[in-house]
Amino acid sequence: EKGGYEHFMQKEIMEQPTALEDAMRGRVLPDDNKIVLGGLHDVMDDLRDADRVIIAACGTSWHSALVGEYLIEHFARTPVEVEYASEFRYRNPILRDGDVVLVISQSGETADTLAAVREAQRQGVMCLGICNVVGSTIARETDAGVYLHAGPEIGVASTKAFTAQVIVLAMIALKMAEDRTLSHAEFADAVHALASIPDKVRTTLEMDGQIEKMANIYRYSSNFLYLGRGFNFPVALEGALKLKEISYIHAEGYPAAEMKHGPIALIDRFMPVVFIALKDSTYDKVVSNIEEVAARDGSVIAITDEGNGELDELCEYVLRIPQTQEFLSPLLAVVPLQLLSYHIAVMRGCDVDQPRNLAKSVTVE
Ligand code: M6R
């Protein structure tokens with residue numbers, strides 16, 4: 001059942017290329033320059049006309065929601081707010097005509113996220129869902145939605161559901177932007193970039209051996225910092241969550257530039273700092289942050305683009321991932337972080353598929 005892998009988590013990390021292909025099958029059609037989302041067909045006009053989209057979710061799904069915020073605002077120019085589902089409902093949220101609530105849940109059974117659905121409905125606002133488990137409660141109770149089709153996720157640490165959520169959010173953002181904020185050529189470029197992602201994830205997974213060696217060095221650390229910006233700020237949060245939940249190492253994720261507002265005080269030679277430093281619109285600023293960490297003897301692991309040698313001097317380890325359009329880079333950047341936490345947790349003798357104190361779906365509020 002684990003398909004020859006030692007753990008479900010490892011299997012699920014490794015099957016991301018096919019999970020992403022499955023998530024896009026029949027939906028992303030590069031030959032016709034089309035994106036088809038059958039489940040949203042009847043509500044797409046309302047979604048495109050929305051004044052505001054509120055995305056509610058928990059945990060890793062909340063991280064993909066943050067990527068969704070960047071995606072929808074970037075492409076469709078619709079304002080987005082991201083809420084922890086657990087906070088949303090208890091704040092007596094102000095919803096108005098023209099708002100659309102979108103919830104994201106792998107299991108479709110998370111109690112707080114379900115409560116957000118019911119709150120939207122109580123206030124008469126349309127509620128859409130992105131779920132993986134077919135026929136789950138959230139999938140049934142939302143007005144419309146999109147399934148991930150990523151296949152069952154058994155490991156408690158969410159991996160392929162995250163990348164599938166991000167790719168579905170990218171499809172939604174592009175569909176909202178089609179013939180409005182995006183020209184035909186820009187849309188076509190984005191659709192082609194989407195279609196090329198599974199192979200790039202395949203290439204990224206080839207660094208597994210390199211990461212395993214690195215994990216052997218870092219397995220003894222007791223704290224980690226993860227920093228990223230823009231589309232990859234949520235990836236920094238996700239990298240930190242993956243490490244803490246399965247290896248029990250304390251880790252925090254921050255937007256890179258926030259480092260100088262506090263976390264920089266933590267840095268010494270015992271503090272590994274993982275930077276997502278891709279050659280995108282935030283690169284130069286992130287490199288200055290790397291210099292600041294290096295100057296304080298922090299041990300820097302950088303994730304950067306294939307062919308970029310500029311960080312080799314400053315960093316302890318540089319991991320290179322294939323180039324893609326900036327909006328899709330979280331799908332590649334998260335992969336080495338998943339592998340790093342997986343290997344560290346295995347080396348520390350942790351039960352990676354069933355970490356202590358955690359359940360696959362949290363059905364209490
Ligand atoms: O099934 P859901 O997506 O609603 O689950 C949300 C969180 O409980 C979940 O992502 C959790 O944070 C994972 N253990 C993260 O790996």
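Parameters and conventions
Residues numbered from 1 in each chain as written. Predicted model: local features only at pLDDT ≥ 70, side-chain atom pairs only at ≥ 80, totals over all residues. Heavy atoms only, no water. UniProt positions renumbered as here; feature names shortened; annotations may be inferred. Pairing = 2+ DSSP bridges. Helix = DSSP H or I, 4+ residues; strand = E, 2+ residues; numbered from the N terminus. Axes fitted to C-alpha atoms, helices over the stretch in contact; angles between N-to-C directions. Contact = heavy atoms within 4.5 Å. Buried < 20%, exposed > 50% of the residue type's maximum accessible area, 1.4 Å probe, protein only.

In the nomenclature of an unreviewed UniProt entry, the protein is known as Glutamine--fructose-6-phosphate aminotransferase [isomerizing] of Longimonas halophila. On record in UniProt, under Function (unreviewed entry), the comment for the protein is "Catalyzes the first step in hexosamine metabolism, converting fructose-6P into glucosamine-6P using glutamine as a nitrogen source." Looking at the Subcellular location (unreviewed entry) heading of the UniProt record, one finds this comment for the protein: "Cytoplasm".

Caption draft 1: The arrangement of the sheet that holds strand 12 (residues 317-321) in detail. Strand order across the open sheet formed by five strands is 9-8-10-11-12, with parallel pairing between neighbours. Each edge of the sheet is formed by a strand with only one pairing partner; in this case those strands are strand 9 (250-255) and strand 12. Direction aside, the axes of adjacent strands within the sheet are offset by 15° on average. With six bridges joining them, strand 8 (residues 223-228) and strand 9 adopt parallel strand pairing. Counterpart to G228 in the pairing with strand 9 is P255. Against the sheet, helix 11 (residues 208-218) makes contact with strand 8, strand 10 (272-276), strand 11 (299-305) and strand 12, and its axis sits at roughly 150° relative to strand 12, the strand it touches most. Along the sheet, helix 12 (residues 233-247) makes contact with strand 8, strand 9 and strand 10, crossing strand 9 at roughly 175°.

Caption draft 2: Here's a closer look at the side chain of H7. Along the chain, the position of H7 falls in the segment before helix 1 (8-14). On the basis of relative accessible area, H7 is assigned to the buried category, the value being 16%. Every residue in contact with H7, bar those within four places of it in the chain, is listed here: K2, Y342, V346, V352 and D353.

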